[in-house]
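Descriptive analysis of the structure
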Amino acid sequence: IIGWALFILLNIWMPDFTEKWEYVGGDLGYLFEKILFASAVIVASTSYWFVQYFTKQRFELSLFNYFLLFFQVSIFLASFIDNLFYTKITIQPDGQALFVIQPLSLLFSIFIFSHILIALFILFKESRRKREVIMKGQLKVLFAIYLFFLIVSVTTNWILPVYFQIFTFNAFGPTISLVVVGGIVYAITRYQFL
């Protein structure tokens, strides 16, 4: 999450490193975007494995999980391939990163969105199945956190930029995720949450 947030901030500051009104991504800009995309893959993947482990208290060695792990590693590695998800990057003074999107960027979007949905589904299903009141309550809290994160991320990183050309709120996704993780860490250390 820190990598995701940090490289969004570096993108926002990128025009300040140049004399130009806008920065058309060169090697450094592309590297920042690759790390940003790879960080998003790590956030999505680890959130799935966290939910999977927390609800079952063990890792399930199923065919689906092996396939998913292979898919996660593939998308992570693909994040570093030039011109796969996007080509030209233009970073404007207000921090907007404008891409020329490639057809495979849809695969990346589906990957991120599906991981959050799968985590929500697992949390919802397990919160209905569990009998212990404390565990049931914790699962409901996690479900609410993931749902909040999904709504904010989809709105600020997908609906607003794609359909309304509003890029101003792109940094909200990682910022909210930092707040969420910080809140969970505080609850774990202060109240033995989870």
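Residues numbered from 1 in each chain as written. Predicted model: local features only at pLDDT ≥ 70, side-chain atom pairs only at ≥ 80, totals over all residues. Heavy atoms only, no water.

1. Considering the overall build of the protein
The condition is simple: For helices the rule is a DSSP run of H or I covering at least 4 residues; for strands it is a run of E covering at least 2, with both sets numbered from the N terminus onward. Areas reported as accessible are Shrake-Rupley estimates using a 1.4 Å probe. Residue values count occlusion only from the protein chains shown.
A tally of helices and strands in the protein yields six helices and three strands. Along the protein, from the amino end to the carboxyl end, the secondary structure elements read α-β-α-α-β-β-α-α-α. Taken as a whole, the protein presents about 11,300 Å² of accessible surface, with 72% of it coming from carbon and sulfur.

2. Here we look at the packing of aromatic side chains
Cut-off, in case you're wondering: Pairs were defined over the aromatic rings of Phe, Tyr and Trp, the Trp ring being its six-membered one, requiring ring centres within 6.5 Å. Orientation was assigned from the angle between planes: stacked under 30 degrees, edge-to-face over 60, tilted for the rest. When a residue's accessible area, from a 1.4 Å probe over protein chains only, is under 20% of the maximum for its type it is buried; when over 50% it is exposed; and in between it is partly exposed.
In this structure the tally under the stated criterion is nine aromatic pairs. Seen from their ring centres, F67 and F71 are 6.3 Å apart, and the 0° between their planes marks the pair as stacked. Of the two residues, F67 and F71 both sit in helix α3 (residues 63-78), four residues apart, roughly one turn of that helix. Judged by relative accessible area, F67 falls into the exposed class, the value being 53%. A residue is classified by how much of its surface remains accessible, and F71, at 24% relative accessible area, is partly exposed. Relative to F80, the ring of F76 has its centre 5.5 Å away and its plane inclined at 75°; by these criteria the two rings are edge-to-face. A relative accessible area of 35% means that F80 is categorised as partly exposed. Following the ring pairs from residue to residue traces out a cluster consisting of F37, F85 and F108.

3. A closer look at the environment of A44
In this fold, A44 is placed in helix α2 (residues 27-56). A44 sits in the buried class, given a relative accessible area of 4%. In the structure, A44 is positioned 71 residues away from H115 in sequence and 5.8 Å away in space, judged by C-alpha atoms.

4. Focus on the packing of α3 against helix α4 (residues 105-129)
Heads up, the rule is: Axis definition: a line fitted to C-alpha atoms, over the contacting stretch in the case of helices. Angles run 0 to 180 degrees between N-to-C directions. Geometric relationships in this document are graded by angle, where less than 35 degrees denotes roughly parallel, more than 145 denotes roughly antiparallel, 65 to 115 denotes roughly perpendicular, and other angles denote oblique. Helix crossings get a hand from a simple test, with the near helix turned counterclockwise from the far one by less than a right angle marking a left-handed crossing and a clockwise turn marking a right-handed one. The contact rule is simple, with two residues in contact once any of their heavy atoms fall within 4.5 Å. The classification used treats Ala, Val, Leu, Ile, Met, Phe, Trp, Tyr, Cys and Pro as nonpolar, Asp, Glu, Lys and Arg as charged, and all other residues, Gly among them, as polar.
Close contact between α3 and α4 brings their axes to 12 Å; oriented N to C, the two are set at 140°. On the basis of their axis angle, the class for α3 and α4 is oblique. Taken as a pair, α3 and α4 cross one another with a handedness that is left-handed. For the pair α3 and α4, contact is made by F64, L68, F71, Q72 and I75 and by L107, F108, F111, H115 and I118, respectively. Classifying every residue of the contact of α3 with α4 gives eight nonpolar, two polar and no charged.

5. Considerations on the confidence of the model for the protein
The cut-off we apply is this: In predicted models, pLDDT denotes the confidence assigned by the predictor to each residue on a 0 to 100 scale.
Taken as a whole, the protein shows an average pLDDT of 76; of its residues, 77% reach a score of 70 or greater. No element of the protein has a lower mean pLDDT than strand β1 (residues 23-24), at 53, and none a higher one than α3, at 92.

6. Digging into α4
Let me state the cut-off plainly: Multiply 1.5 Å by the residue count of a helix minus one, and that product is the helix's expected span.
Between its terminal C-alpha atoms α4 stretches 36 Å, which fits the 36 Å expected from 25 residues at 1.5 Å a residue. Taken together, the buried positions of α4 are S105, F108, F111, I112, H115, I116, A119, L120, I122, L123, E126 and S127.

7. Some words on the pattern of salt bridges
Operational definition: Between Lys or Arg on one side and Asp or Glu on the other, a salt bridge is scored when a side-chain nitrogen of the former is within 4 Å of a carboxyl oxygen of the latter.
Within the structure shown, the criterion is met by two salt bridges. Where R129 meets E126, a salt bridge forms, and the shortest distance between an N and an O atom there is 2.7 Å. Remark: E126 and R129 occur in helix α4; sequence separation between them is three residues, near one turn of the helix.

8. What to know about the nonpolar core
Note the threshold: For the purposes of this section, nonpolar cores are sets of buried Ala, Val, Leu, Ile, Met, Phe, Trp, Tyr and Cys residues that join through side-chain atoms within 4.5 Å.
Membership of the largest hydrophobic core comes to 37 residues, with the highest contact counts inside it found for F108 and I112. Looking at this core, the elements that each hand over two or more residues are α2, α3, β2 (86-91), α4, α5 (133-164) and α6 (172-191). A per-element tally of this core places α2 first, with 10 residues. Those residues in contact with F108 that sit more than four places away from it in its chain are F37, A40, V41, I75, S79 and F85.

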